[in-house]
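Report on the structure
Take a look at the letters that make up each chain.
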Amino acid sequence: MAFTRKEAEEKILSSCLRLVETGLIARTWGNISARLSDETFLITPSGRAYDSLTPDDLVEVKIKDCSYEGDIKPSSEKGVHAAVYAQRPEAEFVIHAHSNNASAISILQEDIKFTRFESDLPGGVIPTARYAMTSTDKLVRHVATVLKRHPKAKAMLLPYHGTLCYGGSFEEAMEVTRNLEKTA
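Residues numbered from 1 in each chain as written. Predicted model: local features only at pLDDT ≥ 70, side-chain atom pairs only at ≥ 80, totals over all residues. Heavy atoms only, no water.

With that settled, consider the overall build of the protein chain. Counting its regular elements, the protein chain contains five helices and eight strands. Helices and strands appear in the protein chain in the N-to-C order α-β-β-β-α-β-α-β-β-α-β-β-α. By its C-alpha atoms, the protein chain is 45 × 30 × 30 Å across when sized along the principal axes. Here the contacts in the protein chain between residues at least 6 apart in sequence split such that 61% fall between residues at least 24 apart. Looking at charge distribution, the protein chain has the averaged site of its 23 positive side-chain charges lying 6 Å from that of its 25 negative ones. (Helix = DSSP H or I, 4+ residues; strand = E, 2+ residues; numbered from the N terminus. Contact = heavy atoms within 4.5 Å. Lys, Arg positive; Asp, Glu negative; His and termini not counted. Charge placed at Lys NZ, Arg CZ, Asp CG, Glu CD.)

Dropping the structure here:
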C-alpha cells in the first residue's frame, strides 16, 4: 500500500521535524522518503533545512533510474532509497540518518550481532554495507548487496556515514531508526 502524494508529504514533513527534535538528524544531514507507487517515491531535497521544508520542496523520483523532473534537486542519496524500494516491495518509508551512536559504531565496518534481549530490531543482526563514498553508485551496489544478504533486517549501517532504515509504514521506519540508535 503506497502513500498518496498528500499523505507522503505529510508523513515526510512531520518525520523531518521529529528526527531533528530527537537528534537523529542534524541540520540537512540525512534524508527521508515515502513510496508513491511501484515506480516512484517522494524524497527530501538536497541541502535544505528540514524545519523549513514545504510540500513543494519534496521531489518525486523514479525507482528504476532515479530520474526526476523540475528544478529542485532530490537528495544525493536517492539511489540508496531506490535500492530499498526496488528490493523490498513491503518498504513504504525509508530514513537515512546520521545518528551519533550508530554512526560511531559504523566505523567498525562489521555486522553487529545481538540477541532478542539486547535489541528491539528484527533479524538478530545489524548488517553493515561495505564502505563507499557517499552519493555514489558503488554505495548503492553495496546497499543492494546487504538487502539481498539480510532479508529480515530493516536497518543497516553505512560505514563512516550513518544508517539506513525502512519500514512498512512511517511509524515502523521511525521505530526502527530509534531502536537502531538505542541498540548502538
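That covers the picture; the talk isn't over yet.
What follows concerns the pairing of strand β8 (residues 162-167). Where a strand is regular, its side chains alternate between the two sheet faces. Burial runs high along β8: six of the six residues are buried. Bridge analysis of strand β4 (residues 93-97) against β8 gives five bridges, and the strand direction is antiparallel. Bridge pairing links valine 94 to tyrosine 166 in β8. (Buried < 20%, exposed > 50% of the residue type's maximum accessible area, 1.4 Å probe, protein only. Pairing = 2+ DSSP bridges.)

Before going further, it helps to examine unusual backbone geometry. Residue glutamine 109 is not a glycine yet carries a positive backbone phi of 55°. Along the chain, the position of glutamine 109 falls in the loop between α3 (100-106) and β5 (112-113). One non-glycine residue, tyrosine 160, lies in the positive phi region at around 60°. In this fold, tyrosine 160 is placed in the loop between β7 (155-158) and β8.

This paragraph deals with helix α5 (residues 170-183). Since the α-helix advances by 3.6 residues per turn, residues separated by three or four positions end up pointing in the same direction. Look at α5: 20 Å from first C-alpha to last across 14 residues, which is about the 20 Å you get at 1.5 Å a residue. Among all positions of α5, only Phe170, Ala173, Met174, Val176, Thr177, Asn179, Leu180 and Glu181 are buried. The secondary structure elements touched by the buried residues of α5 are α1 (5-21), β4, α3, β6 (125-126), β7 and β8. (Expected span 1.5 Å × (residues − 1).)

What follows is about the side chain of histidine 81. Checked against the element boundaries, histidine 81 lands in helix α2 (residues 78-87). Apart from the residues lying within four places of it in its own chain, the contact partners of histidine 81 are Asn31, Ile32, Ser33, Phe41, Ile43, Val94 and His96.

This part covers the environment of valine 146. Among the structural elements, valine 146 can be located in helix α4 (residues 137-149). For valine 146, a relative accessible area of 3% gives the class buried. Sequence separation between valine 146 and proline 127 is 19 residues, and the spatial gap between their C-alpha atoms is 6.9 Å. In this structure valine 146 touches Pro127, Thr128, Ala129 and Met156, once residues within four positions along its chain are discounted.

Residue position: lysine 152 is located in the loop between α4 and β7. Along the primary structure lysine 152 and valine 125 are separated by 27 residues, whereas in three dimensions their C-alpha atoms are 9.2 Å apart.

Note that soluble globular proteins tend to have their nonpolar side chains buried in a common cluster. Among the nonpolar cores identified, the biggest contains 23 residues, and Phe41, Val84, Val143, Leu147, Met156, Leu158 and Leu164 are the most heavily contacted of them. Of all the secondary structure elements, the ones that give two or more residues to this core are β2 (40-43), β3 (59-62), α2, α4, β7 and β8. It is α2 that contributes the most residues to this core, five residues altogether. Those residues in contact with valine 143 that sit more than four places away from it in its chain are Val80, Ala83, Ala129, Met156, Leu158 and Leu164. By size, the runner-up hydrophobic cluster in this structure holds 21 residues, among which are Phe3, Leu13, Leu19 and Ile25. (Core = buried A, V, L, I, M, F, W, Y, C linked by side-chain atoms within 4.5 Å.)

In this section: the packing of α2 against α4. For the pair α2 and α4, the least separation of the axes is 9 Å and the interaxial angle reads 30°. Viewed along their axes, α2 and α4 adopt a mutual orientation that is roughly parallel. As α2 runs across α4, the sense of the crossing is right-handed. Facing α2, whose interface residues are Gly79, Val80, Ala83, Val84 and Gln87, α4 presents Leu139, Val140, Val143, Ala144, Leu147 and Lys148. Class assignment for the residues of the contact of α2 with α4 results in eight nonpolar, two polar and one charged. (Axes fitted to C-alpha atoms, helices over the stretch in contact; angles between N-to-C directions. Parallel < 35°, antiparallel > 145°, perpendicular 65-115°, else oblique. Left-handed = near helix turned anticlockwise from the far one by under 90°. Nonpolar A, V, L, I, M, F, W, Y, C, P; charged D, E, K, R; others polar.)

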